[in-house]
Amino acid sequence: MGQFNLTEIQIQCLKGTVEGTAENYLGIANATEELIEASYAGESDIKENNDKKSGYKIEFPIDIELVASHLGMKIEKKSLNREEPRSFSRVLGIITSQDGKAYVAIDNEVSYKTQRYTIANAVGRFLLNQSGTSLKCSYAIPLIPQSLEEIAADTIALFLLLPMKTFKEEFLNYLEGCGDRPLDVDAWLMHLSNKSQISQFNLAIGYQQMKQVLCYQRQLEFRESGFDINKILDDPYDIIFA
């Protein structure tokens, strides 16, 4: 049997690929966070105009229907799978977009977490199609994605439901509540799933992407500080990093 060997060139290529992916994820995470803030700010303005309490706080679970509404997307929940009840790939949502307006039908017979993720995925599809004139596609319980666009829409969806700042706040508060006890990873992920209202399946994917983004973001901040370790140690979120 031949010896498996990673050469220096392969190692550098792998490191470059990981860094490039993290950089792209960070760009998506920043853009989705801006979209969430704009959506919440718009709702706050409406409340203020109606003489209600103004101001907003972005916390889990993210109001994904508010984000969709901010983009002009209309959401309807109804049964979508009566004709093929035994299909492995159950249709969860259908998005139709024409001239910048979108209609999304969501299957009302699946869990609330799955419905939320389907809306987020539809928002991702809509944003990816901004330059197009029309779009009609469905989102199903994923076996293996058939296109890279499906993976891109998933990435947008996950950062919409799991924005960086909100995640860091939640993780920090959770760790502080652990005291001196070691972190129970399974309990933490279950807590995060319930707090963010993201299914375990989708959270498993999103958590890995979040790790890459926050690690890369921290490296950038360290570099921009002139590699000043004191500035890193002064980070209020320092304890969430290994």
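Below is a summary of the structure that appears in this document.

Criteria and thresholds
- All residue numbers refer to positions counted from 1 along the written sequence of the respective chain.
- Thresholds applied to this predicted model are a pLDDT of at least 70 for local features of residues and 80 or more for the giving and counting of side-chain atom pairs; totals over whole chains, interfaces and linings are not thresholded and use all residues.
- The basis for every side-chain value is the complete set of heavy atoms in the structure, and neither hydrogens nor water enter the calculation.
- We count a stretch as a helix when DSSP gives it H or I for four or more residues in a row; a strand needs E for two or more, and each element gets its number in order from the N terminus.
- Under the scheme applied here, a residue whose accessible area is under 20% of the maximum for its type counts as buried, over 50% as exposed, and between as partly exposed, the area being computed with a 1.4 Å probe on protein chains only.
- Contacts: residue pairs with any heavy atoms within 4.5 Å of one another.
- By nonpolar core we mean a set of buried residues, namely Ala, Val, Leu, Ile, Met, Phe, Trp, Tyr and Cys, connected to one another through side-chain atoms within 4.5 Å.
- Pairing between strands is defined by DSSP: at least two bridges between them are needed.
- Lines fitted to C-alpha atoms define the axes here, with helix axes fitted over just the stretch in contact, and angles between the N-to-C directions of these axes take values from 0 to 180 degrees.
- Roughly parallel means an angle under 35 degrees; roughly antiparallel, over 145; roughly perpendicular, 65 to 115; everything else is oblique.
- In this scheme, a crossing is called left-handed if the near helix is turned counterclockwise away from the far one by less than a right angle; it is called right-handed if the turn is clockwise.
- Three classes are used: nonpolar for Ala, Val, Leu, Ile, Met, Phe, Trp, Tyr, Cys and Pro, charged for Asp, Glu, Lys and Arg, and polar for all others, with Gly counted as polar.

### Re the overall build of the chain
Here's step 1: Looking only at helices and strands, the chain features eight helices and four strands.
Here's step 2: What you see in the chain, going N to C, is helices and strands ordered as α-α-β-β-β-α-β-α-α-α-α-α.
Here's step 3: When burial is assessed residue by residue, the chain has 38% of its 242 residues classed as buried.
Here's step 4: Nonlocal contacts in the chain, meaning residues at least 24 apart in sequence, comprise 71% of its contacts between residues at least 6 apart.

### Notes on the nonpolar core
Here's step 1: Met73, Ile95, Leu160, Leu162, Phe167 and Leu192 are the most contacted members of the largest nonpolar core, which has 54 residues in total.
Here's step 2: The residues contacting Phe167, other than those within four sequence positions of it, are Phe60, Leu162, Trp188, Leu192, Tyr207, Met210 and Leu214.

### Things to note about the environment of Glu170
Here's step 1: Residue position: Glu170 is located in helix 5 (residues 164-178).
Here's step 2: Since its relative accessible area comes to 13%, Glu170 is described here as buried.
Here's step 3: Taking the C-alpha atoms as reference points, Glu170 and Lys195, separated by 25 residues in sequence, lie 8.8 Å from one another.
Here's step 4: Other than its neighbours up to four places away in sequence, Glu170 contacts Phe60, Trp188, His191, Leu192 and Lys195.

### With respect to the environment of Asp154
Here's step 1: Topologically, Asp154 is positioned in helix 4 (residues 148-161).
Here's step 2: Using a relative accessible area of 17% as the deciding quantity, one classes Asp154 as buried.
Here's step 3: Residues Asp154 and Gly124 lie 30 residues apart in sequence; the distance between their C-alpha atoms is 7.1 Å.
Here's step 4: If sequence neighbours within four positions are ignored, Asp154 has contacts with Tyr117, Asn121 and Tyr139.

### Structural notes on the pairing of strand 2 (residues 91-98)
Here's step 1: Pairing of strand 2 with strand 4 (residues 134-140), which is carried by seven bridges, proceeds in the antiparallel orientation. Looking across to strand 4, one finds that Ile95 is bridged to Cys137.
Here's step 2: Note that strand 2 and strand 3 (residues 101-107) share six bridges and pair antiparallel. Note on strand 3: the bridge partner recorded for Ser97 is Ala102.
Here's step 3: From the end of strand 2 to the start of strand 3, which pair antiparallel, there are two residues, and Asp99 there has a positive phi angle of about 55°.

### Quick word on the packing of helix 3 (residues 112-128) against helix 4
Here's step 1: Direction vectors running N to C along helix 3 and helix 4 enclose 120°, while the axes themselves pass 8 Å from each other. Considering the angle they form, helix 3 stands oblique to helix 4. Remark: the crossing between helix 3 and helix 4 carries right-handed chirality. Here Arg116, Tyr117, Ala120, Asn121, Val123, Gly124, Arg125, Leu127 and Leu128 of helix 3 come into contact with helix 4, specifically with Glu149, Glu150, Ala152, Ala153, Asp154, Ile156, Ala157, Leu158, Leu160 and Leu161.
Here's step 2: For the contact of helix 3 with helix 4, a count of residues per class yields 12 nonpolar, two polar and five charged.

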